[in-house]
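Below are the chains, spelled out letter by letter.
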Amino acid sequence: SNDTASASSYDLTTGTTVDNTSPSSVITLSLSAADIAALKRNSALATTAANTYLSLVADAVRDAAGQSIAAVNPTLSKQPFAGDTTRPQLQSFSIDMHNSIMRLTFTDLVKSSSFDASGVTIQDAATATIGRSISLTSASTTTSIDGYTLVVNIAAADLLRIKTTKSLATSRANTFITIQATTVDDLNDVDVLAVTNGNAVQATTFTADTVTVALSSFTLDMDATPLLALTFSDTIDLGTLQLTSITLQSSSTSSAQSVTLSGGTTSLSTDGKSVNVSLVQADSDKIKLNTALAIALTSTHISFPSTTVNDLAGNNVTAVTTALATQASTFTPDTTSPEVISWKLDMDNGALTLSFNEAVQASSLDATGVSLQPYSSNAPAAQVFRLTGKASSTATDGTQLVLNITSANLNSIKAINVLAVSASSSFLVVDTKTAKDMNNQAVKAIPATGALSLPTGAFTQDTTAPSLSSFAVDMDSGLLKLTFDETIQASAVDPTAITLIAGPGSAVRFQLTSGAKSAANSDQISVTLSTTDLNNVKLLTGLYTGLSNTFISYTTDAFTDMIGIPVTLLPPSSPRQVTTFDPDTTPPTLTSWTLDLDGAASMVLSFSEVVNSTSLTVSRISVQSTTSGGLTYAFTTSTTLSTNGLSLTVDLSTVDSNSLKTTDGLAISTATSNLIFTAIGAIDDMASNAAAVMTTATQATAFTPDTTKPLFQSFTFDLNSGVLQVTFDESVRTTSLSFANIEIRATATST
């Protein structure tokens, strides 16, 4: 029976006689290959002498006369049995790179179950070039039955190694194999004859991989480290990948909203069919900045031309057109908080630049989330400044936002003399409310316990000289309020470097000799004029009486900013005019007075401020015997020759002097000498403020009584009426008259 490989008999099917030219008693038969193969496959037949018998049917052969041989029952060979001891040899092989198949043909039947692919090496020539040979692994297997030819299914990993080896198995010309003796056995377990390097067998047939590779799917992960993953239908040649040909677009039919990659870092999967592309920061930012692109699965598509990548056989990838873009199979949105990775501080221009690790929304910038401190941690509260208000930004959405620090905030920072004066005193603290990324994720906080330092070269010091923005004057209090464009160091203010001037180049000017200055560092500095300086200014006609004649100039010694830069010079030729002028509206008051009735009688009046001597109206001034009233005398004709000033000397007229002297109980001591303004306008200050009515008289601080004897001046004598009138240089008391001491003589000389 020929049915099974273990049948106890086999009927030959065909063959040839070795010598068929003449009849002979000995016939030698050459079995057909099919019969030999069938016999060899049958492990129960013809393997030894003991299981090798021959039987013939009656018509198996005829003699020379044509008579059929008699049937022969199974009979044992009378000659020694010669079993199969010849080692099989590799006769030829072919390879199909597209279907990953290799066919090995041997000179004898081989046992498929004994095949070990690790004994097969594919190389580029009979003698392999170094680096151009690949040994298969046991992952490559065969499912063929025992026979002359084994069909080997090349494992994907083995195929990938072959395809990725340069100049190997790309054509018949560079496709050879060697095999080890252990690669396969014949059916009698005899090893195959080895094919060694130097004698490698060339492929008889080479089938190239000609099928175009195509994109199977892709995913996009925009979280943390943005990653584009591409999966293809076949192994690709990573070296041919052109990332700049890949476009991500929001629609499957249009690239109106799209980003074409500029580069990236790639890694290939073990099977060579998938490639991960780590997007470069610039591309990631562009994608995130486009709020219509890659925000969900439905807005994530890919397109590229056929030249984007090749398979390992050099075949171009199937193009994915803009009009038929492929949608992502998976999309992962950005859910990671952006981080401030660096910053810059420009104290000269008041700019704070924040650099993020991903694009953020400029409109989300909240300056109140930013604080500056002089140390990386443990900074005292008084030395920390949190920005206030909605500081503007000159930037659009992106990885870098420039925050324009308001003048008020900048001056407050400068007022803290240990903060932001150098890179080493500048540290950044950020709240989560400071900014949001393009997917509305709040920025990661930078705590005060781990504030961010400035990188090298990221600090710009204030090099601009401070300048006066405006100033105001209050002549009532003698206060100068000066506003600068930056914070001024209060302790360095020098009032003596300030000149008050009536106008550009005017000769009417006054340089301060002293002054009280404000104590706090600020962009607003106050200087209060000394009383002396204030009165001297008021005495100068045409100076600081109104907006038109109120200007200020100063030298560079007058002010410095917080790092010691002197103020911009404001010379007398180009002074700054006052912005707000508050005139002197306070009337002058009498602070003290003295009375001298001896000789040429006079009184000295002292005031709270300089007064206009020409405005003196003595008729509105009286002397009382007490501070509240009593005997009273109102001056009539007394005058002053004093100039404008803090005090006036009033020369008492004879009438006023005599009246005081002759009023008993009045002006005979300091206690009885009390001056009072009885009506408004007894005197005016330099701003024409009239002195007010006094409700209580002011007692003289000094009184000089009359100690000078009166002098006789003239007399008249009328005998008709019997009247003698004697005139003295001052009033005399009639009660003191002694007639006995008056003598009328006939001559001018006494006898």
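Below or above, wherever it landed, is the structure these notes cover.

Rules of the game
Residues numbered from 1 in each chain as written. Predicted model: local features only at pLDDT ≥ 70, side-chain atom pairs only at ≥ 80, totals over all residues. Heavy atoms only, no water. Patch = residues over 30% accessible without salt bridge, like charges linked within 9 Å, V, L, I, M, F, W, Y side chains within 5 Å. Areas by Shrake-Rupley, 256 points an atom, 1.4 Å probe, with all protein chains shown as cover. Salt bridge = Lys/Arg side-chain N within 4 Å of Asp/Glu carboxyl O. Helix = DSSP H or I, 4+ residues; strand = E, 2+ residues; numbered from the N terminus. Buried < 20%, exposed > 50% of the residue type's maximum accessible area, 1.4 Å probe, protein only. Pairing = 2+ DSSP bridges. Contact = heavy atoms within 4.5 Å. Phe/Tyr/Trp six-rings, centres within 6.5 Å; stacked < 30°, edge-to-face > 60°.

## Description of a nonpolar patch on the surface
A cluster of nonpolar side chains, namely F712, F715, F717, L719, L724, V726, F728, V732, L737, F739, I742 and I744, defines an oily patch on the protein surface of about 1200 Å² accessible area. For the nonpolar patch, the secondary structure elements donating two or more residues are β54 (712-718) and β55 (723-728). Relative to the assigned elements, F715 resides in strand β54. For F715, a relative accessible area of 52% corresponds to the exposed category.

## Focus: the sheet that holds strand β22 (residues 301-303)
Strand order in the open sheet formed by four strands is β19-β18-β22-β24, and the pairing between neighbours is antiparallel. The open sheet has two free edges, formed respectively by β19 (258-260) and β24 (326-327), since each of these has just one partner strand. Across three bridges, strand β18 (residues 247-249) lies against β22 in antiparallel orientation. Considered in β22, the bridge of L248 is made with I302.

## Description of helix α5 (residues 531-539)
Among the residues of α5, those classed as buried are D533, L534, N535, V537 and K538. Packing partners of the buried residues in α5 comprise β37 (498-501), β38 (509-511), β45 (602-612) and β49 (645-651).

## Some points on the pairing of strand β41 (residues 551-554)
Burial along β41 is two-sided: F551 and S553 facing one way and I552 and Y554 facing the other are all buried. Alignment of β41 against strand β42 (residues 576-577), held across two bridges, turns out to be antiparallel. Directly across from F551, in β42, lies its bridge partner Q577.

## Thoughts on the packing of aromatic side chains
A complete count under the given rule lists three aromatic pairs for this structure. Ring geometry for Y633 and F635: centres 6.0 Å apart, planes at 85 degrees, overall edge-to-face. Each of the two residues, Y633 as well as F635, counts as buried. Pairwise contacts between aromatic rings join F484, Y554 and F559 into one cluster.

Any functional reading would require information beyond the geometric quantities listed.
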